[in-house]
Amino acid sequence: MNKKSVLVSGGAGYIGSHTAVELIAAGYDVVIADNLSNSDMSGVEGVRAITGVDVPFVNVDCCDREAFAELFAKYDFDSVIHFAAFKAVGESVADPMKYYHNNLLSFINIVELMLASGKHNIVFSSSATVYGEADELPVTEATERKPATSAYGNTKQMCEDILRDSVAAYPQLKGIALRYFNPIGAHPSALIGELPRGVPQNLVPYITQTAAGVRECLSIFGDDYPTPDGSCLRDYIDIVDLAKAHVAAIDRMVEDKNKERYEIFNVGTGRAVSVFELVNTFERVNNLKLNYKVAPRRAGDVVAVWADTTLANNELGWHAERSLDETLKSAWEWEKRVRNIK
Ligand code: UD1
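How each quantity is defined
- Once a new chain begins, its residue numbering starts again from 1 and follows that chain's sequence as written.
- Residue-level local features of this predicted model are given only where pLDDT is at least 70; pairs of side-chain atoms are given and counted only at 80 or more, and the full residue set underlies all totals for whole chains, interfaces and linings.
- The side-chain values count all of the structure's non-hydrogen atoms but skip hydrogen atoms and water molecules.
- Only DSSP runs of H or I reaching four residues or more are called helices, and only runs of E reaching two or more are called strands; each is numbered from the N terminus.
- Whether a residue is near a molecule or strand depends on its heavy atoms: if one lies within 4 Å, it is near.
- The term polar contact refers here to a pair of N or O atoms within 3.5 Å; inside protein, the definition further demands a hydrogen-donor-capable atom paired with an acceptor-capable atom, and it admits residues adjacent in sequence only when both atoms are side-chain atoms.
- In this description, accessible areas are obtained by the Shrake-Rupley approach with a 1.4 Å probe, and a residue is regarded as covered only by the protein chains that are shown.
- Amino acids are sorted into nonpolar (Ala, Val, Leu, Ile, Met, Phe, Trp, Tyr, Cys and Pro), charged (Asp, Glu, Lys and Arg) and polar (every other residue, Gly among them).
- Each residue after the first adds 1.5 Å to the expected span of a helix.
- With a 1.4 Å probe rolled over the protein chains alone, any residue whose accessible area is under 20% of its type maximum counts as buried; one over 50% counts as exposed, and the rest are partly exposed.
- The criterion used for residue contact is that any of the two residues' heavy atoms lie within 4.5 Å.

Enquirer: Help me out: how do you make sense of unusual backbone geometry in this one?
Expert: Peptide bonds are trans in most cases, and residues, glycine excluded, mostly fall at negative phi. Along the chain, L137 connects to P138 via a cis peptide bond; the corresponding omega equals -5°. Structurally, the position occupied by P138 is in the loop between β5 (121-127) and α6 (151-169). Positive phi is not limited to glycine here, since N287 has a value of about 55°. Following the sequence through the fold, N287 ends up in the loop between α9 (275-286) and β13 (292-295).

If you want it as structure tokens, here you go:
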């Protein structure tokens, strides 16, 4: 079993492609599996261009058990990072079975195929969404999870539980769930970044598309929250920093440094940033004016959530490094490249 080889499911997507780059930089071989349902080959090509490595890509749906089993038989890897999942909160409320089918079945297939083929290490892409409207801030990994308010959020909790129970029952497995806060920004090369299809649901792509003239006006959802400036507080984590947390998680399991066989880490900066602060910072660092207006609150938004990152800092030896200024510059550089703006 090749300990220095990692299968990255969903590796053509935003977080997956950045993680593939950092894994390769750290000396891992990478295989990317993706069905391109919410991405395209530009992510894979970007990874190849940045690293100079002809990374193998397999177009496969992780829910297709037979096709996925072929990939497991063909490639020699010992670790899997599972990104491949649907992630639109609103859509998951409107069509929950789409989310339960895709997000659960793909993960079940991965765990079962790992067991059948003697593979060991799995990193699962979880989310700060599991904390809901938390009782304490910042949230630690011990902060209680709240009942999910969307099928999307529920699949994150259920997959965490599938991993926890599988690791407890099958001695061959080790697992790490990384709870991401709000990933933003792009690779400094501007060769990979976030490319949402249709109208962006998340704040930063909406901002960059508004700056690029693709969207007319950013709506700031609520200025009457009980926060210092009335807008929601989040923990925005740079995408390259987030990618590096995955490398640290894989290193930890490959090098047998994990304290427990199943572990959870928050991946954030530890800093709460409001929507207004984010918009103002974007304007300042990129020297432009953004067209925005205050709009009503968005249903389902939590007021505030940010991470206590002590555990990831101490145990993974990982820290968020890139400043918000740099990250928001990189987001704009990427959008300009995509839109051919000089
Ligand atoms: C959202 C999801 C979360 C998911 C994450 C994945 C919700 C309620 N939560 O997180 O479960 O894990 O995406 O990426 O959908 N905002 C605006 N205008 C916009 C867009 C956003 O003001 O056009 C505000 C939001 O109200 C929020 C902040 O920006 O305060 C961040 O929003 P977003 O980027 O959608 O992330 P989350 O809602 O934190």
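Now that the structure is up, let's keep going.
Enquirer: Please explain the site of the ligand as it appears in this structure.
Expert: The ligand sits among 20 residues. The nearest are L203, S219, R234, R298 and D301. Contacts to the ligand include T129, whose side-chain N or O atom sits 3.1 Å from an oxygen atom. Take Y152: an N or O atom from its side chain is 2.9 Å from an oxygen atom of the ligand. When the ligand sits alone it has 740 Å² of accessible area, and the protein chains cover 87% of it. Those elements that provide at least two residues to the shell around the ligand are α7 (203-211) and β8 (218-221). Counting residues per element, the shell around the ligand draws most heavily on β8, which supplies four residues. Taken together, the residues that form the shell around the ligand break down as 10 nonpolar, seven polar and three charged.

Enquirer: Would you mind showing me how to read helix α5 (residues 96-117) here?
Expert: Along an α-helix, residues three or four positions apart point the same way, because every turn accommodates 3.6 residues. Between the first and last C-alpha of α5 there are 31 Å, a value that for 22 residues agrees with the 32 Å anticipated at 1.5 Å per step. For α5, the complete set of buried residues consists of Y99, N102, N103, L104, S106, F107, N109, I110, V111, L113 and M114. Summarising the contacts, the buried residues of α5 are in contact with β1 (5-9), α3 (65-74), β4 (79-82), α4 (89-94), β5 and α6. In the stretch just after α5, G118 is the one whose phi turns positive, near 75°.

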